[in-house]
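Notes for the structure review
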2 protein chains.
Amino acid sequence: MRLSRTAVLTAAVALADEQGVGGLNMRTLAEDLGVVPMALYKHVSSKEDLLDGMVDVVVAEIDPPLEGQEWRATVRSRVLSARTVLQRHRWARQVLETRTTRTPAVLAYTDSFIGMFLDRGFSVDLTHHVMHALGSRMWGFTQELFDAPETPAGDAAADSASAGSAPPDAARLEAMARRFPNVLRIAMAAAHDDGVVGRGCDDQYEFEFALDLLLDGIEGLHARGWTSART
Amino acid sequence: MRLSRTAVLTAAVALADEQGVGGLNMRTLAEDLGVVPMALYKHVSSKEDLLDGMVDVVVAEIDPPLEGQEWRATVRSRVLSARTVLQRHRWARQVLETRTTRTPAVLAYTDSFIGMFLDRGFSVDLTHHVMHALGSRMWGFTQELFDAPETPAGDAAADSASAGSAPPDAARLEAMARRFPNVLRIAMAAAHDDGVVGRGCDDQYEFEFALDLLLDGIEGLHARGWTSART
DNA sequence: ACCTGAACACCGTTCAAGT
DNA sequence: ACCTGAACACCGTTCAAGT
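To keep things clear, this report deals only with the structure shown in the data block. Given the structure is predicted, the values throughout are model-derived calculations rather than measurements. Going along each chain's sequence as written, the residues are numbered from 1 onward. Ligands are numbered from 1 and chains lettered from A, in the order in which they are written. Totals for whole chains, interfaces and linings use every residue, but because this is a predicted model, local features are given only for residues with pLDDT of at least 70 and side-chain atom pairs only at 80 or more, for both listing and counting. Excluding hydrogens and water, the side-chain figures rest on all heavy atoms present in the structure.

Here's the deal with the overall build of chain A
Across its full length, chain A holds twelve helices and zero strands. For helices the rule is a DSSP run of H or I covering at least 4 residues; for strands it is a run of E covering at least 2, with both sets numbered from the N terminus onward. Start at the N end of chain A and walk to the C end: the helices and strands fall as α-α-α-α-α-α-α-α-α-α-α-α. In chain A, buried positions account for 45% of the 231 residues. Here a residue-residue contact requires only that any non-hydrogen atoms of the pair lie within 4.5 Å. Of all intrachain contacts in chain A linking residues separated by at least 6 positions in sequence, the fraction that spans at least 24 positions is 73%. In short, Shrake-Rupley with a 1.4 Å probe defines the accessible areas, and a residue's cover is counted only from the protein chains shown. Carbon and sulfur atoms provide 55% of the accessible area of chain A, an area that totals close to 11300 Å². Only protein chains enter the calculation, and the probe is 1.4 Å; a residue is then buried if its accessible area is under 20% of its type maximum, exposed if over 50%, and partly exposed in between.

Here is the structure:
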């Protein structure tokens, strides 16, 4: 089969889906495509360009905005759509965070996102600040502090690695409890919920909690015609 | 002078402050210390360990919480203190985001942060969700979508790089306006404020806008004794 | 026009010495 | 106990060919 940019990007996305960004390099990507590393450079100009293209592939999977709905439902469902996409491609968050240029596809998504507010009566001023407040939530993620950024690779040692360096024996746990009592209380509260529905920290719940907190705030500002004191 | 872990970490932080994470590698770090690369490995076990140690240096610079103040003032000023520290060390955000293990110093900061809520009457349940909602804001940063993650290195081509690939001539601008009209409206609104105080997007203003939006929401939940429906 | 092969520069790190 | 020197494995990419 003839090589093409699309073929390269698709293979790269598939590879990253399996191995994470850490496992993605020009040599193994070329091997997956049955080609020598340098062949890739006819279709992507550099690894940066490859990563930009991969982001474009991901962005294309996000649903278009709802039509004929009020702003809150439209924004909310779009963010949650982005979230499911970003969770299908777990490497995308990290890659998105390190991009230094915005590709047209990324700009188009941003533009359409902003349009959901402007087209439904938000002022440019408020929309501007709202976009800042949402930040990366527009992609359906937040920087989480409790879970590890990336699982090293395809090895099954993932859980022991995320737990720290050594297995948590009783002495270790007690030492933890003495040094970081507040962390422990929060961790126990999360573990406590396990009994009912079999989940610890429900990331989806937490994401929507924070999202709705922001949407509530935004709704209030919009309703009372808020403007920044800067104009 | 005798090499020590502290000396290595201090030099690494200084190097990263100047060059960014991109410019930080074991060879140039060793050179800065007047030593051969392998000498570093007596004091840090790997580059990961080096980065962990550098984060610890940064965390140590964050002010302790205020005493005898209500929760909101305490949390707010602590977050803003973290923000000034993180802005002194612009590489720290990126490094923090890629850590897979929490060092004791990071856990201690987290614990103390949680304590600001618990010690002032917040329920464990609400505090848990609040911590998720704040996310990386507890370090004083949000993932910004409009500005570039890292300036490549010490070269003066920073502004032209952040602007994109080519200089924005009139034709380019008009094409942008047609494709991404909403992005343009927001950008113009931000530029418009320039006349008054000489700033475009004021990151500090935007950060506090989002922070206060969240704090308002949290205050409301706390005041009416909110609990998650999960218990 | 597209792909190949060999090679270069750079980086984290191992290993066997040195003092 | 601490530092050195040479070397290895891995990676992005240039360059000069091949078809």
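Read on, since the account is not over.
Notes on the protein's contact with DNA strand D
Residues and elements named next belong to chain A. By convention in these notes, a residue is near a molecule or strand provided one of its non-hydrogen atoms lies within 4 Å of it. Near DNA strand D lie 16 residues; those nearest to it are Asn 25, Arg 27, Met 38, Tyr 41 and Lys 47. In DNA strand D, the atoms that sit within 4 Å of the protein are 48% sugar and phosphate, with bases accounting for the remainder. Between DNA strand D and Tyr 41, the relevant distance is 2.8 Å, taken from a phosphate oxygen to a side-chain nitrogen or oxygen of the residue. Under this definition, polar contacts are N or O atom pairs within 3.5 Å; protein pairs additionally need one hydrogen-donor-capable and one acceptor-capable atom, and for neighbouring residues in sequence, both atoms have to be side-chain atoms. Lys 47 places a polar side-chain atom, nitrogen or oxygen, 2.6 Å from a phosphate oxygen of DNA strand D. Residue classes in the surface near DNA strand D are distributed as eight nonpolar, three polar and five charged. Side-chain classes are defined by residue name, with Ala, Val, Leu, Ile, Met, Phe, Trp, Tyr, Cys and Pro counting as nonpolar, Asp, Glu, Lys and Arg as charged, and the others, Gly among them, as polar.

Regarding the side chain of His89(B)
All names here are of chain B. Assignment of secondary structure puts His 89 in the loop between helix H4 (71-88) and helix H5 (92-98). A distance of 2.9 Å separates a polar atom in the side chain of His 89 from a polar atom in the side chain of Glu 61. Every residue in contact with His 89, bar those within four places of it in the chain, is listed here: Val 13, Asp 17, Val 58 and Glu 61.

Overview of the pattern of salt bridges
Residues and elements named next belong to chain A. Salt bridge criterion: a side-chain nitrogen from Lys or Arg within 4 Å of a carboxyl oxygen from Asp or Glu. Summed over the entire model, instances satisfying the criterion amount to 20 salt bridges over all chains. Put simply, Arg 99 and Asp 52 hold a salt bridge, and the shortest N to O gap is 3.2 Å. You can see Arg 99 sitting in the loop between helix H5 (92-98) and helix H6 (104-118) and its partner Asp 52 sitting in helix H3 (residues 47-59), a full 47 residues away along the chain. Just as Arg 99 is buried, Asp 52 falls in that class too.

Observations concerning the protein's contact with DNA strand C
Residues and elements named next belong to chain B. Taken together, 16 residues surround DNA strand C, and among them Asn 25, Arg 27, Met 38, Tyr 41 and Lys 47 come closest. Among all atoms of DNA strand C positioned within 4 Å of the protein, those belonging to sugar or phosphate total 46%. The side chain of Lys 47 places a nitrogen or oxygen atom 2.7 Å from a phosphate oxygen of DNA strand C. Split into classes, the residues belonging to the surface near DNA strand C amount to eight nonpolar, three polar and five charged.

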